[in-house]
Amino acid sequence: MTATAQRINETPMAPYVALLRSMTREQKQIVVTFITESMEEPRPKREVPEEFKRLRGMVNITEEEMSQDEHLAHIMKR
């Protein structure tokens, strides 16, 4: 175990070291994934250019069409 990993005893996770050691590989992967994702910076929402916003009203797409195509639904909800 690396020196950095051994410093877990200096963190609020110290009481859970025994629990972590008793976990399965799959359970540890779930915990690592959670911790990794919690560290990600939220992506800023992309701004849609005004010229694209003007085009929105030029197309008539029904709710039914959007329900059949998740990519189209994603685009139309921006």
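For the structure itself, consult the block above.
So, how was this worked out
- Residues numbered from 1 in each chain as written.
- Predicted model: local features only at pLDDT ≥ 70, side-chain atom pairs only at ≥ 80, totals over all residues.
- Heavy atoms only, no water.
- 1 Å grid on protein atoms, 1.4 Å probe; cavity = no way out; pocket = protein on both sides within 12 Å on 5 of 7 lines; lining within 4 Å.
- Points joined across faces, edges and corners; volume = space filled by probe spheres on them.
- Helix = DSSP H or I, 4+ residues; strand = E, 2+ residues; numbered from the N terminus.
- Nonpolar A, V, L, I, M, F, W, Y, C, P; charged D, E, K, R; others polar.

1. Quick word on the layout of surface pockets
Consideration 1: Of the voids in this model, the largest pocket is the one considered here, and its volume is about 490 Å³.
Consideration 2: Around the largest pocket, the lining comprises 16 residues; the ones closest to its centre are Met1, Ala5, Ile8, Val17 and Leu20.
Consideration 3: Breaking the lining of the largest pocket down by element, the ones donating at least two residues are helix H1 (3-6), helix H2 (17-22) and helix H3 (25-39).
Consideration 4: Along the lines of polarity and charge, the residues of the lining of the largest pocket split into nine nonpolar, four polar and three charged.
Consideration 5: Estimates place the volume of the second largest pocket at around 320 Å³.
Consideration 6: Lining the second largest pocket are twelve residues, and of these Val48, Phe52, Arg56, Ile75 and Met76 lie nearest its centre.
Consideration 7: Counting residues per element, the ones that place at least two in the lining of the second largest pocket are helix H4 (50-55) and helix H6 (70-76).
Consideration 8: Each residue belonging to the lining of the second largest pocket can be placed in one class, and the counts come to eight nonpolar, no polar and four charged.

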